[in-house]
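Each chain, written out:
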Amino acid sequence: MAQAFGATVSVEGPPSDAEGYVFVKRRPEVDHEVFMVRLLADIGAPDRLLLHHRSGFAVVRLPFGRIKRLRSDPLVETAGGIQFDAERFAAVTGSGP
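This section reports on the structure supplied with the text. (Residues numbered from 1 in each chain as written. Predicted model: local features only at pLDDT ≥ 70, side-chain atom pairs only at ≥ 80, totals over all residues. Heavy atoms only, no water.)

Taken as a whole and assessed by the stated rule, the structure comprises one aromatic pair. Aromatic pair Phe23 and Phe57: ring centres 5.7 Å apart, planes at 25 degrees, arrangement stacked. Of the two residues, Phe23 sits in strand E1 (residues 19-26) while Phe57 sits in strand E3 (residues 57-63), which places them 34 residues apart along the sequence. Accessibility expressed as a relative area gives 28% for Phe23, which makes it partly exposed. Overall, the relative accessible area of 24% leaves Phe57 in the partly exposed class. (Phe/Tyr/Trp six-rings, centres within 6.5 Å; stacked < 30°, edge-to-face > 60°. Helix = DSSP H or I, 4+ residues; strand = E, 2+ residues; numbered from the N terminus. Buried < 20%, exposed > 50% of the residue type's maximum accessible area, 1.4 Å probe, protein only.)

Within the secondary structure layout, Asp42 lies in helix H2 (residues 32-43). The class of Asp42 is buried, set by a relative accessible area of 16%. Note: C-alpha distance between Asp42 and Pro63 (21 residues apart in sequence) is 12 Å. Sequence-distant contacts of Asp42, defined by excluding residues within four places in its chain, comprise Arg66, Arg69, Leu70 and Asp73. (Contact = heavy atoms within 4.5 Å.)

What follows deals with H2. With twelve residues, H2 should cover 16 Å at 1.5 Å per step; its first-to-last C-alpha distance of 16 Å lies within 8% of that length. Residues of H2 that are buried make contact with E1, strand E2 (49-53), E3, helix H3 (67-72) and strand E4 (76-82). Two or three places before Glu33, at the opening of H2, Asp31 has a side-chain oxygen 3.0 Å from that residue's backbone nitrogen. Within two residues after H2, Gly44 carries a phi angle of roughly 85 degrees, on the positive side. (Expected span 1.5 Å × (residues − 1). Polar contact = N/O pair within 3.5 Å; in protein donor to acceptor, adjacent residues only side chain to side chain.)

Looking now at the pattern of salt bridges. Under the counting rule described, the total for this entry stands at five salt bridges. A salt bridge links Arg54 to Glu33; the shortest N-O distance between them is 2.6 Å. Here Arg54, found in the loop between E2 and E3, pairs with Glu33, found in helix H2; they are 21 residues apart in sequence, far enough to count as distant. Looking at Glu33, the relative accessible area reads 46%, which means it is partly exposed. We note a salt bridge from Arg38 to Asp73, for which the minimum N-O separation is 2.7 Å. (Salt bridge = Lys/Arg side-chain N within 4 Å of Asp/Glu carboxyl O.)

Everything listed here is a matter of geometry and, on its own, says nothing about what the molecule does.
As structure tokens, this is what we get:
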């Protein structure tokens, strides 16, 4: 791209200690209870789990550097950063942020 367009290309993510929201989807063959036990152990604190559903996904709040560990977990199919408005979610669900 740099040669073709004369552009400067930089691929940088946020600092590894910056926190963000992560969508985590389990592999279809993995039991949800087993997935949740492992996920809670990986994220380290239950308040980092924002929501989950038995269909096989969860949304968690983590430092970006820890997403790599989730991605390499054999129970996890997908783990990636998302935009998530925790205050709006709390307002809709009636739960605290």
